Amino acid sequence: MAAGAEVTRVVLVEEPEDAISIAEAHVKVEAGGVYRQTIVTTGAKLQRIETRITHYAQGAQVQADGLYLLNGARHADLTSVVRHVEHDGATSQLIKGVARDTARGVFQGKIVVERGADGTDARMGHHALIASERAEIDAKPELIIYADDVQCAHGNTVGNLDERALFYMQQRGIPADEAQALLTQAFLIEVVDRIKLVSGKGSDTVKGLDNLFRVRGGGTLPADLDATVTGGALEGSNVQVAEEMVDMIAAQRTYEMNTKVLSAADNMLQYLAQAAR
């Protein structure tokens, strides 16, 4: 990427269950460049999607996100290596996923801050849900720091949906399968909401999450839902999240989306919502 350039890359991967695939991308970001990437995948028999990014000059900014939802015997491996070789660079990475049946999800993320890359701000997070007893999720987040004046952090959590939130929603007449799908979608929404599109007038945060995650039988999800996973449990607070979702099911809210990227994302995430049930 040239100095001062801005690129948004959305990778939607939907492969047959018996496919074997390896994909690799190398990105070099020059001074003041902004590179955003979001990978959305449903896995395959054996799948690895690898991204290698280098902050090659001062002030480069990177957002490297991912989302995987796996069922059956599918496998997905999201691997990334981000190298900061110059000062004042910033990296923000958020990966979320769900695995059910006998599926296996893998996240391998590494951020390397080289000597002289002072002023680096690098954040990495991987959070995943296991939706069945035989599903498997393996994660290996790494930070390697050779500079002194930096701000870096990484985190990883794997667990199940909060039983209290599920119970609350079932008390309000929502079937168990649909309640689980709603909470799963709320968990994944954070990654989708971070997608930014570059238009002729600049970058706009993606809106219309209710169009991306349609609820069976109609209704919408709350567009401002802020739910994260800590210690493997859906929080934010749990019952409050469930209450907001129940209230929003009856509300009708629509948003305009007129880009090919969002149309493709819509189709992909409808498939993910069905798989979550």
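Figured I'd write up the structure that's included with this text. Here the structure is a predicted model, which means the values were calculated and not measured. (Residues numbered from 1 in each chain as written. Predicted model: local features only at pLDDT ≥ 70, side-chain atom pairs only at ≥ 80, totals over all residues. Heavy atoms only, no water.)

Some words on the environment of Glu114
So, step 1. Positionally, Glu114 belongs in the loop between β8 (104-113) and β9 (121-130).
So, step 2. According to the relative accessible area criterion, Glu114 is partly exposed, its value standing at 22%.
So, step 3. Put simply, Glu114 and Val85 are 29 residues apart on the chain and 5.2 Å apart in space, counted from C-alpha to C-alpha. (Helix = DSSP H or I, 4+ residues; strand = E, 2+ residues; numbered from the N terminus. Buried < 20%, exposed > 50% of the residue type's maximum accessible area, 1.4 Å probe, protein only.)

Observations concerning the nonpolar core
So, step 1. Of all hydrophobic cores here, the largest spans 29 residues; its most connected members are Val29, Tyr35, Ile53, Val62, Tyr68, Leu78 and Ile111.
So, step 2. With four residues, the top contributor of residues to this core is strand β5 (residues 61-70).
So, step 3. In contact with Val62, other than residues within four places in its own chain, are Val29, Tyr35, Ile53, His55, Ala90, Thr91 and Ser92.
So, step 4. Membership of the second largest hydrophobic core comes to 20 residues, among which are Met169, Ile174, Ala179 and Ile195. (Core = buried A, V, L, I, M, F, W, Y, C linked by side-chain atoms within 4.5 Å. Contact = heavy atoms within 4.5 Å.)

Remarks on the side chain of His75
So, step 1. Tracing the backbone through its elements, the reader meets His75 in strand β6 (residues 75-84).
So, step 2. Overall, His75 belongs to the buried group, its relative accessible area being 11%.
So, step 3. Within the structure, His75 has its side chain in polar contact with the backbone nitrogen of Gln47 (distance 3.2 Å).
So, step 4. Not counting residues within four places of it along the chain, the set of residues in contact with His75 comprises Gly43, Ala44, Lys45, Leu46, Gln47, Leu70, Arg104 and Val106. (Polar contact = N/O pair within 3.5 Å; in protein donor to acceptor, adjacent residues only side chain to side chain.)

Describing the environment of Gln37
So, step 1. You can see Gln37 is positioned in strand β3 (residues 34-41).
So, step 2. For the pair formed by Gln37 and Gln63, sequence separation is 26 residues and the distance between their alpha carbons is 6.1 Å.
So, step 3. Those residues in contact with Gln37 that sit more than four places away from it in its chain are Arg9, Thr51, Gln63, Ala64 and Asp65.
So, step 4. In this structure the side chain of Gln37 is engaged in a polar contact, spanning 3.0 Å, whose partner is the side chain of Thr51.

Here we look at the packing of helix α1 (residues 163-171) against helix α2 (residues 176-193)
So, step 1. In the contact formed by α1 and α2, the axes pass within 9 Å of each other and the chain directions differ by 130°. Of the possible angle classes, the one that applies to α1 and α2 is oblique. Between α1 and α2 lies a crossing whose hand is right-handed. Listed contacts from α2 to Ala165, Leu166, Met169 and Gln170 of α1 are Ala176, Ala179, Gln180, Leu182 and Leu183.
So, step 2. Tallied by class, residues from the contact of α1 with α2 come to seven nonpolar, two polar and no charged. (Axes fitted to C-alpha atoms, helices over the stretch in contact; angles between N-to-C directions. Parallel < 35°, antiparallel > 145°, perpendicular 65-115°, else oblique. Left-handed = near helix turned anticlockwise from the far one by under 90°. Nonpolar A, V, L, I, M, F, W, Y, C, P; charged D, E, K, R; others polar.)

Notes on the sheet that holds strand β4 (residues 46-55)
So, step 1. Read from one edge of the open sheet, five strands run β2-β4-β6-β8-β10, paired in parallel fashion. Two strands in the sheet have a free side with no partner beyond their single neighbour: β2 (20-29) and β10 (136-145). When the angles between neighbouring strand axes are averaged without regard to direction, this sheet yields 5°.
So, step 2. Here β6 pairs with β8 via 10 bridges, running parallel. Residue pairing across strands places Val81 opposite Lys110, the latter belonging to β8. (Pairing = 2+ DSSP bridges.)

Regarding the pattern of salt bridges
So, step 1. On inspection of all chains with the given rule, the structure shows 13 salt bridges.
So, step 2. With a shortest N-O distance of 3.3 Å, Asp77 and Arg48 are connected by a salt bridge. Here Arg48 lies in strand β4 and Asp77 lies in strand β6, a separation of 29 residues in the sequence.
So, step 3. Here Asp77 falls in the buried class, since its relative accessible area comes to 8%.
So, step 4. We classify Arg48 as partly exposed; its relative accessible area is 27%.
So, step 5. One salt bridge in this structure joins Glu142 and Lys140, with 4.0 Å as the shortest N-O distance. (Salt bridge = Lys/Arg side-chain N within 4 Å of Asp/Glu carboxyl O.)

Details of the packing of aromatic side chains
So, step 1. On inspection of all chains with the given rule, the structure shows zero aromatic pairs.
So, step 2. A cation sits over an aromatic face here: Lys28 above Tyr56, 4.3 Å from the ring centre. (Phe/Tyr/Trp six-rings, centres within 6.5 Å; stacked < 30°, edge-to-face > 60°. Lys NZ or Arg CZ within 6 Å of the ring centre and 35° of its normal.)

Things to note about a negative patch on the surface
So, step 1. Together, Asp88, Asp118, Asp148 and Asp149 line one region of the surface with negative charge.
So, step 2. Mapping Asp118 onto the fold places it in the loop between β8 and β9.
So, step 3. Judged by relative accessible area, which is 35%, Asp118 ranks as partly exposed. (Patch = residues over 30% accessible without salt bridge, like charges linked within 9 Å, V, L, I, M, F, W, Y side chains within 5 Å. Areas by Shrake-Rupley, 256 points an atom, 1.4 Å probe, with all protein chains shown as cover. Lys, Arg positive; Asp, Glu negative; His and termini not counted. Charge placed at Lys NZ, Arg CZ, Asp CG, Glu CD.)

Some remarks on the sheet that holds β9
So, step 1. On the basis of which strands lie adjacent, the open sheet formed by six strands has the order β1-β3-β5-β7-β9-β11 and parallel pairing. Edge positions in the sheet fall to β1 (6-13) and β11 (151-159), since each has one partner strand and no second. Shown here is a sheet whose adjacent strand axes are inclined to one another by a mean of 5°, direction ignored.
So, step 2. Relative to β5, β3 runs parallel, the two being bridged by eight bridges. Looking at β5, one finds that Val40 is bridged to Leu67.
So, step 3. Running over the sheet, α2 touches β3, β5, β7 (90-99) and β9 and is turned about 155° from β7.

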